[in-house]
Amino acid sequence: MTLNGLVLKCIGGLYTVKTDNEIIQCQARGRFRKDGISPCAGDQVRIKKDGNSTGVLAEVFPRKNYLVRPPISNLDKLFVISSVLAPAANKLLIDKAIAVAELSGIEPVVVFTKADLGSAEELYRIYQRSGIECCVASVVSGEGVQQVRQLAQDGICAFIGNSGVGKSSLMNAAFPGLNLKTGEISQKLGRGRHTTRQVELYELFSGGYIADTPGFSTFDMERYNVTDKDQLILGFRDLNSYTGECKFSSCSHTCEKGCAVLKAVKEGKVPASRFESYVAMYNEIKGVKQWEQKSKLV
């Protein structure tokens, strides 16, 4: 019997696939590895059922987007989670995650957690001005939890952020019954311990899916296949809105005379931190040769 389904998780070469009527454990065909195909959570697949609850992955359908880390595909929204304190917000990491989402055709949502520990007003203002959906949340007071729940109820959504920002705690609060494992902040290192080891999609009552993901402390743009410096500006919707006014079509929007982006920053029309992140990311990837550049979408 041949069925279509959605990959919920992948562990040790075993794939959990949800079809219209059941959950089936599957193995992948040997040719997948030969063909360079690595099925992941979020993939729409065709399976051949060979037992009561087992099957074989026969085909992975084309993806509309794909993230390398966490390995997940076909996302509709990417929730970028950052705590106000413990650990303090890292705007460059936030902006890198947003850019990856924008360049992959995924809608970014920024959530500032642990609002009970400090003010998120300045951070909120930066991203609201940038035209990005954002909210402030606290699992202690309950602030913002309902908003997160509403924003994540449709499609496939993933929650990402550096270690210790409270992704799993927020998801547990927004979606009671998940019972995701949470960790404590390491007093010695000042950051969270990794508690999520793999990506798994959880089905919601609304029909959507959410995914918790492993935390991280660095964000290598090349690893995320963002290596084209000329396309990077497209990952910054607020800066990109001024590029049509630049004096030169070859403008890198980093230092040139006649650059409308630089002018907008100086006039306070766009947040300076967003421009600083763009320049840092541009410098990170500008040395990648054209022949080394990878497609942003798999």
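Residues numbered from 1 in each chain as written. Predicted model: local features only at pLDDT ≥ 70, side-chain atom pairs only at ≥ 80, totals over all residues. Heavy atoms only, no water.

Caption draft 1: Structural context of helix 8 (residues 272–285). The terminal C-alpha atoms of helix 8 lie 20 Å apart, and with 14 residues this matches the ideal 20 Å at 1.5 Å per residue to within 8%. Of the positions making up helix 8, those classed as buried are Ser273, Arg274, Phe275, Ser277, Tyr278, Val279, Met281, Tyr282 and Ile285. As for helix 8, its buried residues are in contact with helix 2 (91–103), helix 3 (121–129), helix 6 (237–240) and helix 7 (260–266). (Helix = DSSP H or I, 4+ residues; strand = E, 2+ residues; numbered from the N terminus. Expected span 1.5 Å × (residues − 1). Buried < 20%, exposed > 50% of the residue type's maximum accessible area, 1.4 Å probe, protein only. Contact = heavy atoms within 4.5 Å.)

Caption draft 2: Seen up close, the confidence of the model for the protein. Summarising the model, the protein shows a mean pLDDT of 88, and 88% of its residues fall at 70 or more. Of the regions scoring below 50 in pLDDT, residues 184–196 engages in 27 contacts with residues more than four places distant in sequence or in other chains. (pLDDT = per-residue confidence, 0-100.)

Caption draft 3: Representation of the nonpolar core. Membership of the largest hydrophobic core comes to 55 residues, with the highest contact counts inside it found for Ile72, Leu78, Val110, Tyr127 and Leu201. Examining the composition of this core, we find that seven residues originate from one element, helix 2, more than from any other. Those residues in contact with valine 110 that sit more than four places away from it in its chain are Val80, Ile94, Ile98, Tyr127, Ile132, Glu133, Cys134 and Cys135. Phe79, Val148, Leu180 and Leu204 belong to the second largest nonpolar core, which has 21 residues in total. (Core = buried A, V, L, I, M, F, W, Y, C linked by side-chain atoms within 4.5 Å.)

Caption draft 4: Representation of the environment of alanine 120 in the model. Here alanine 120 is to be found in the loop between strand 9 (107–113) and helix 3. C-alpha separation for the pair alanine 120 and cysteine 135, spaced 15 residues apart in sequence, amounts to 9.3 Å. With residues up to four places along the chain from it excluded, the contact list for alanine 120 reads Val84, Phe112 and Val136.

Caption draft 5: Inspection of the packing of aromatic side chains at higher detail. The tally for this structure, following the rule as stated, stands at four aromatic pairs. When the centroid spacing of 5.9 Å and the interplanar angle of 45° are considered together, the rings of phenylalanine 112 and tyrosine 127 count as tilted. Taken together, the residues span a long stretch of sequence, with phenylalanine 112 in strand 9 and tyrosine 127 in helix 3 at a distance of 15 residues. Judged by its relative accessible area of 0%, phenylalanine 112 is buried. Ring geometry for phenylalanine 236 and tyrosine 278: centres 5.6 Å apart, planes at 80°, overall edge-to-face. You can see phenylalanine 236 sitting in the loop between strand 15 (209–212) and helix 6 and its partner tyrosine 278 sitting in helix 8, a full 42 residues away along the chain. The side chain of arginine 63 reaches across the aromatic face of tyrosine 66, ending 4.6 Å from its centre. (Phe/Tyr/Trp six-rings, centres within 6.5 Å; stacked < 30°, edge-to-face > 60°. Lys NZ or Arg CZ within 6 Å of the ring centre and 35° of its normal.)

Caption draft 6: Inspection of unusual backbone geometry at higher detail. Note that the residue after alanine 86, namely proline 87, is joined by a cis bond; omega there is 0°. Note on placement: proline 87 falls in the loop between strand 8 (77–83) and helix 2. Positioned with a positive phi, asparagine 74 is a non-glycine residue whose angle comes to about 60°. Note on asparagine 74: relative accessible area 9%, which makes it buried. Here the phi dihedral of lysine 114 falls at roughly 55°; this positive angle occurs in a residue that is not glycine. Mapping lysine 114 onto the fold places it in the loop between strand 9 and helix 3. Among the residues examined, lysine 114 registers a relative accessible area of 18% and is labelled buried.

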